[in-house]
Amino acid sequence: MSALFKDIYSKSFYNEFSEILNQTLPSFNKVKFKKLIFNDKFKAYELKERMTHTAKVLNHFLPADFNEATITIKKIIENLRFAGIQENCLEFMFFPEYIAMYGIDDYESSISVLEFVTQFTSCEFAVRPFILKYETLMSKQMLRWSKHENNMVRRLASEGSRPRLPWAMALPNYKKKPAPILPILNNLKQDSCEIVRRSVANNLNDISKDNPEIVIDIAKKWQGISQETNAIIKHGCRTLLKQGNPAVLKFFGLNSKHIILSDFTIVTPKVNIGSQLEFSFSIFNEDKKKRLVRIEYGIYYKKKNGNLSKKVFKISERKIEPNRIYEMTRKQNFKRITTRKFYTGQHKLSLIVNGQESETENFELIN
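Predicted model, so just to flag it, every value in this text is computed and none were measured. (Residues numbered from 1 in each chain as written. Predicted model: local features only at pLDDT ≥ 70, side-chain atom pairs only at ≥ 80, totals over all residues. Heavy atoms only, no water.)

### Brief notes about the overall build of the protein chain
Helices and strands together make up the secondary structure of the protein chain, namely 16 helices and 9 strands. The principal-axis extent of the C-alpha atoms belonging to the protein chain is close to 75 × 50 × 35 Å. Across the 367 residues in the protein chain, those meeting the buried criterion constitute 47%. Residue pairs in contact within the protein chain that sit at least 24 positions apart in sequence constitute 67% of those at least 6 positions apart. (Helix = DSSP H or I, 4+ residues; strand = E, 2+ residues; numbered from the N terminus. Buried < 20%, exposed > 50% of the residue type's maximum accessible area, 1.4 Å probe, protein only. Contact = heavy atoms within 4.5 Å.)

### Let's talk about the sheet that holds strand β6 (residues 325-333)
Strand order across the open sheet formed by 3 strands is β1-β3-β6, with antiparallel pairing between neighbours. If you trace the sheet from one side to the other, it starts and ends with β1 (259-266) and β6, each paired once. Neighbour to neighbour, the strand axes of the sheet diverge by 20° on average, direction disregarded. Where strand β3 (residues 276-285) and β6 come together, 9 bridges link them in antiparallel fashion. Across the sheet, the residue bridging to E278 is K331, located in β6. (Pairing = 2+ DSSP bridges. Axes fitted to C-alpha atoms, helices over the stretch in contact; angles between N-to-C directions.)

### What about the packing of helix α3 (residues 47-59) against helix α5 (residues 94-102)?
Axis separation between α3 and α5 bottoms out at 9 Å; the angle between their running directions is 65°. On the basis of the axis angle, α3 is roughly perpendicular to α5. As α3 packs across α5, the resulting crossing turns out to be right-handed. Each of K48, M51, T52, T54, A55, K56, L58 and N59 in α3 lies in contact with α5, whose residues at this interface are F94, F95, E97, Y98, M101 and Y102. (Parallel < 35°, antiparallel > 145°, perpendicular 65-115°, else oblique. Left-handed = near helix turned anticlockwise from the far one by under 90°.)

### Structural notes on helix α9 (residues 151-159)
Summarising burial for α9: 8 of the 9 residues are buried, a large majority. Every buried residue belonging to α9 is among M152, V153, R154, R155, L156, A157, S158 and E159, and all of these are buried. Tucked into the core, α9 has its buried residues touching α6 (107-117), α7 (127-133), α8 (135-145), α11 (182-188) and α12 (194-208).

### Observations concerning the packing of helix α1 (residues 11-24) against helix α2 (residues 30-37)
The description of two helices packed together rests on the angle between their axes and the distance between the axes. Two elements in contact, α1 and α2, have axes whose closest approach is 10 Å; the angle formed by their N-to-C orientations is 140°. As judged from the angle between their axes, α1 and α2 are oblique. In this structure, the crossing between α1 and α2 has a hand that is right-handed. On the side of α1, the interface is formed by Y14, N15, F17, S18, E19 and L21, while α2 contributes K30, F33, K34 and I37.

### A closer look at the packing of aromatic side chains
Within a pair of aromatic rings, the relevant descriptors are the distance that separates the centres and the angle that separates the planes. Enumeration according to the criterion identifies 34 aromatic pairs in this entry. Plain terms: the ring middles of F13 and Y14 are 5.2 Å apart, the flat faces sit at 75° to each other, and that makes the pair edge-to-face. Taken together, a centroid distance of 6.4 Å and an interplanar angle of 15° make the contact between F279 and F281 stacked. F281 shares its class with F279; the two are buried. Above the face of the F252 ring, K234 is positioned so that its terminal group lies 5.0 Å from the ring centre. When the ring centre of F313 is taken as reference, the NZ or CZ atom of K311 above it lies at 5.5 Å. (Phe/Tyr/Trp six-rings, centres within 6.5 Å; stacked < 30°, edge-to-face > 60°. Lys NZ or Arg CZ within 6 Å of the ring centre and 35° of its normal.)

### Structural notes on the pattern of salt bridges
The final tally for this structure, using the stated rule, is 20 salt bridges. Across the pair E159 and R155 runs a salt bridge whose closest N-O atoms are separated by 3.9 Å. Linking E159 with R155, this pair stays in helix α9, spanning 4 residues, or about one helical turn. Of the two residues, E159 and R155, neither departs from the other in class, the shared state being buried. Between R162 and E159 there is a salt bridge, with its nearest N and O atoms 3.0 Å apart. Across the pair, exposure class does not vary: R162 and E159 are buried alike. Several salt bridges converge on common partners, so that one network encompasses E124, R155, E159, R162 and D206. (Salt bridge = Lys/Arg side-chain N within 4 Å of Asp/Glu carboxyl O.)

### As for the nonpolar core
Counting residues in hydrophobic clusters, the biggest one holds 78 residues, and the most contacted among them are F17, F94, F95, M138 and W145. Apart from residues no more than four positions distant in its own chain, F94 is found in contact with Y9, F13, F17, M51, T54, A55 and L58. Within the second largest apolar cluster, 26 residues are counted, among which are V293, I295, I299 and F363. (Core = buried A, V, L, I, M, F, W, Y, C linked by side-chain atoms within 4.5 Å.)

### Some remarks on the pairing of strand β4 (residues 291-302)
Among the 12 residues that make up β4, 10 are buried, leaving the element largely enclosed by the rest of the structure. Taking the residues that link successive antiparallel strands as the turn, the β4-strand β5 (residues 308-320) hairpin has 5 residues, and the phi of G306 there is positive, at about 95°. Direction of pairing for β4 relative to strand β7 (residues 345-353): antiparallel, over a ladder of 6 bridges. When the sheet's bridge partners are listed, E296 is paired in β7 with I352.

Here it is in structure tokens:
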């Protein structure tokens, strides 16, 4: 089996999907379908390109009228379900891609089919062009979706409206003024489904990057409603906590007074790419009572241009006993990964205790 994620779009996948299309479309030509799919560029396509390519090829076999095409898509999904294909399969995200590509001018038909398809494969990327084009209509629609009986439709209301959804087009108006999102999140703050609540937290975290005061105000209003709601606001404030936002630190009771950091040492001042940075330190609570302590560390990665870029990692958050020293050792992996390129030379490391950053210490990354 291939280790490349893009190879979820394999020959076996298209063989199985062709059988479903053959059941659904009376005039379906399996040979033509495969010929169009496996063109001379297919092997070079990355995951997103293969998904978009599949949507374009599918368009050759669906009715030209978009409303009729949506009816056919629903039948295809029903047949996929009957064949035992599980919901939430990433492979089938070409369905929402098709809707975004070919249905943008048919609002009513698109909204109907998006609500259906998202119960089979997530549509949070596909709704965003519609939000940009039909913002008022979509804000009302997503508010309705936030009360839907199906948890994946409710999740779409939150996830699709995220101002900064990763790997998706941004929503500039929601970045500036997230007011249309807030009633949606309020409806979902006590949702029975964990993935919906996590989406609410991620949406709050997005909002916090442009409008921190709004998220802090929401945190104050939601705190104490339930354990689940407390978890939402804590996860939704994670960027503000990493930034050491004073209002958020105060809200969560994170005060560095009486907490003493000492013996901060980089054990491995020279680190080979592929190995680990090791460091140690001690924390002491000089107070007479337990204190809540959030411990993080910041890596100042050297970039290609020689500048440093800081990334914060959480170690722990817990109450520590009075008059007790806690000795800690941690490691940071510098194994080669596809999402970050490492550059040799001087890097920096800091410790962050309840939002207060220590002096940085240097270490060298070498080949």
